[in-house]
Structure formats: C-alpha cells, structure tokens
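Examining the three-dimensional arrangement
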Amino acid sequence: MDPAEIITLIKTGKAAYKIGKYGLFDNIVHGGKDRIGEVLIRDSSYRLWEVKVRETGKRGRYLKISSKLSAQEILASAEGYKPGKYMSITQDEWTVFALCTENDDAQLHTCAQNILDRLVR
C-alpha cells in the first residue's frame, strides 16, 4: 500500500470515528457540533486557561474558556449568540484559537494570548 492510500484510510477512519462518537447526539441536540479542539494558554498574569474551540448549527462558532485554577468559565461567540451570556469575538479571533489547536507557532500563540487577555479581564 502506498503512503497516499494509508493517509486516506487514516483520515477516513478519523472522520468515521468522530461521527460515531459525537455525530448523532450532537446533530439531534445541537444541530451538529464540531469539536475543533482545545488549547491551554496562559494570560499575561500567567494564569492557565483551557480554551475549547467549538462550532454548532445553533450557536455558530464559539469558545468555552475555563480557568485551570478556579471554577471561572467564559463563553465567547463569533456569531453574536446570546449577547448577555456570551462575550463577543470576531470571526478572525475565533480562527486564531482554532489554528492554535493544531499549531505551535509562537506568533500565533502570542496573538491568542492577547485575545485571551482581553476576554478574561
């Protein structure tokens, strides 16, 4: 089997696993939820935060930000979902966090840290 076939099989397997693990329930309850990923980021005060990057049919693109030191949780939406409950972020800011879940780029991480500082203050 050549490498291209192996890569295709792995990608197909991951997609099928994701659909089986989350797909049916999330399609019924949330109109389809896509768990983009999670990333741990420290703010400028060195507090550690877990940022979960999500997208659903109902909420659109959003972040679930949880403090690793306390029970503090912040929700932020790039779609203007529930303005009183979710903080507002731009689509570009959401994309920065989505990219951070896949990349270890220092500049990207610094950009995400600056956005996080604004959200947690």
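This text gives an overview of the structure that appears in the document. Values in this document were obtained by computation on a predicted structure and should not be read as measured data. (Residues numbered from 1 in each chain as written. Predicted model: local features only at pLDDT ≥ 70, side-chain atom pairs only at ≥ 80, totals over all residues. Heavy atoms only, no water.)

Section: the overall build of the chain
Using the following cut-off: Helix and strand assignments come from DSSP, with helices taken as H or I runs of at least 4 residues and strands as E runs of at least 2, each series counted from the N terminus. Exposure is judged per residue with a 1.4 Å probe applied to protein chains only, and the accessible area is read against the type maximum: over 50% gives exposed, under 20% gives buried, and values in between give partly exposed. Accessible areas in this description were obtained via Shrake-Rupley with a 1.4 Å probe; residue shielding takes into account the shown protein chains only.
The secondary structure content of the chain amounts to 3 helices and 5 strands. Scanning the chain from its N terminus toward the C terminus, one meets helices and strands in the order α-β-β-β-β-β-α-α. Across the 121 residues of the chain, 36% fall into the buried class. Counting every atom, the chain has about 7,700 Å² of accessible surface; 55% of that belongs to carbon and sulfur.

Considerations on the side chain of Arg61
Cut-off, in case you're wondering: Definition of a polar contact: a pair of N or O atoms within 3.5 Å, with one able to donate and the other able to accept a hydrogen when the atoms are protein atoms, and with sequence-neighbouring residues admitted only if both atoms are side-chain atoms. The contact rule is simple, with two residues in contact once any of their heavy atoms fall within 4.5 Å.
Mapping Arg61 onto the fold places it in strand 3 (residues 60-67). One polar contact links Arg61 to Gln91, side chain to side chain, over a distance of 3.3 Å. What Arg61 contacts, discounting residues up to four positions off in sequence, is Arg54, Glu55, Ala76, Ser77, Ala78, Glu79, Gln91 and Trp94.

Side note on the pattern of salt bridges
Note on pairing: side chains with opposite charge can pair once their charged atoms come close. Test applied: Salt bridge criterion: a side-chain nitrogen from Lys or Arg within 4 Å of a carboxyl oxygen from Asp or Glu.
Scanning the entire structure with this criterion turns up 5 salt bridges. Residue Arg54 pairs with Glu38 through a salt bridge whose shortest N-O separation is 2.7 Å. Remark: Glu38 occurs in strand 1 (residues 33-42) and Arg54 occurs in strand 2 (residues 48-56); sequence separation between them is 16 residues. Arg54 gets classed as buried once you look at its relative accessible area, which sits at 8%. The shortest N-O distance in the salt bridge between Glu93 and Arg118 comes to 2.9 Å. Of this pair, Glu93 sits in helix 2 (residues 91-100) while Arg118 sits in helix 3 (residues 106-120), and the two are 25 residues apart along the sequence.

Quick notes on the environment of Glu55
Note on placement: Glu55 falls in strand 2. The exposure class of Glu55 is partly exposed, given its relative accessible area of 31%. For the pair Glu55 and Ala78, spaced 23 residues apart in sequence, the C-alpha separation works out to 9.8 Å.

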